[in-house]
Amino acid sequence: MIVTISQTASNIKQTYNIDGDGFYFQGNCGRFSHFQKITLSNKNDSITGIYSMSHWVNYIPFRHLFGVANLTRAFRLYKNDNPYGHIVFSKHGFFKSFYVIALHNGEILHCYPLSNGSFHYVSIYLGDEQIALLETHLYVTDFKYTHKLYLLDEYNKFGEVLSFFALYYANYRFIKRFHMSIGSFYEKSWSRSKYRYKYNEAWRETHFPNENFFGKINLFR
């Protein structure tokens, strides 16, 4: 499954179209701050994320030296108004951090971000297996970013929650609120992470050989 998450409004509103094969949602992030609710919805289903203030101890620096992670950026998830799970950012050492998606059925996904030149990646794992990759090209017009989610077909059941995660992640990493900029912007970025090995450069090409971020590859070029 390939899902395209396209930002359709920036500045005052933060809205998205989420489109895949037989898969369509609309998304909204908070107008004013990243503490506001995030929604992913279509005519049949909805996932809503509500910000949950972390306990103050999670903001104490260097807790990792005592083997304790700082858990912040927490959102409680509801699917069709029923408890569904939560997302949290786990920082547990120098250049050691990842996001955790914990669903109420007991399934847990770990998401490892990495900037590498013209693209930003999030490698998504279920246990020891990489099941998905979220890509963002760092060329943007009017600060309306586009993200692409590549998800192995046998894990299509995670398509909705990972599309929601793309909104959640953009809420902290990419959204520019109240900006006054119009036009196209291009940047390159590199990040340091002790989980860099979680990003497999060959993963997308291996599992989606005829696709890249810009669409289908012309094999007869």
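K.L.:
Looking at this structure, I do not really get the packing of aromatic side chains. What am I missing?
P.N.:
Pairs of aromatic rings are described using the distance from one ring centre to the other and the angle between the two planes. All told, the structure shown has 25 aromatic pairs when counted by the stated rule. Relative to Phe 94, the ring of Phe 62 lies with its centre 6.2 Å away and its plane at 55 degrees, an arrangement referred to as tilted. On the criterion of sequence distance, the pair formed by Phe 62 in the loop between β5 (46–52) and β6 (70–79) and Phe 94 in the loop between β7 (82–93) and β8 (96–103) is long-range, its members being 32 residues apart. A centroid spacing of 6.0 Å and a plane angle of 50 degrees characterise the contact between Trp 203 and Phe 208, whose relative ring orientation is tilted. Classification of Phe 208 by relative accessible area gives buried; the value is 10%. Members of the aromatic cluster, joined through ring pairs, are Phe 35, Tyr 51, Phe 75, Phe 89, Tyr 99, Tyr 145, Phe 165, Tyr 168, Tyr 169, Tyr 172 and Phe 174. Over the aromatic face of Phe 89 sits the side chain of Arg 73, whose NZ or CZ is 4.5 Å from the ring centroid.

K.L.:
Whenever I open this one, a nonpolar patch on the surface confuses me. Can you help?
P.N.:
A surface patch of nonpolar side chains, about 670 Å² in accessible area, is lined by Phe 62, Leu 65, Phe 66, Val 68, Phe 94 and Phe 95. By the element assignment, Phe 95 lies in the loop between β7 and β8.

What counts as what
- Residues numbered from 1 in each chain as written.
- Predicted model: local features only at pLDDT ≥ 70, side-chain atom pairs only at ≥ 80, totals over all residues.
- Heavy atoms only, no water.
- Phe/Tyr/Trp six-rings, centres within 6.5 Å; stacked < 30°, edge-to-face > 60°.
- Helix = DSSP H or I, 4+ residues; strand = E, 2+ residues; numbered from the N terminus.
- Buried < 20%, exposed > 50% of the residue type's maximum accessible area, 1.4 Å probe, protein only.
- Lys NZ or Arg CZ within 6 Å of the ring centre and 35° of its normal.
- Patch = residues over 30% accessible without salt bridge, like charges linked within 9 Å, V, L, I, M, F, W, Y side chains within 5 Å.
- Areas by Shrake-Rupley, 256 points an atom, 1.4 Å probe, with all protein chains shown as cover.
- Salt bridge = Lys/Arg side-chain N within 4 Å of Asp/Glu carboxyl O.

Coordinates in, geometry out; function isn't part of it.
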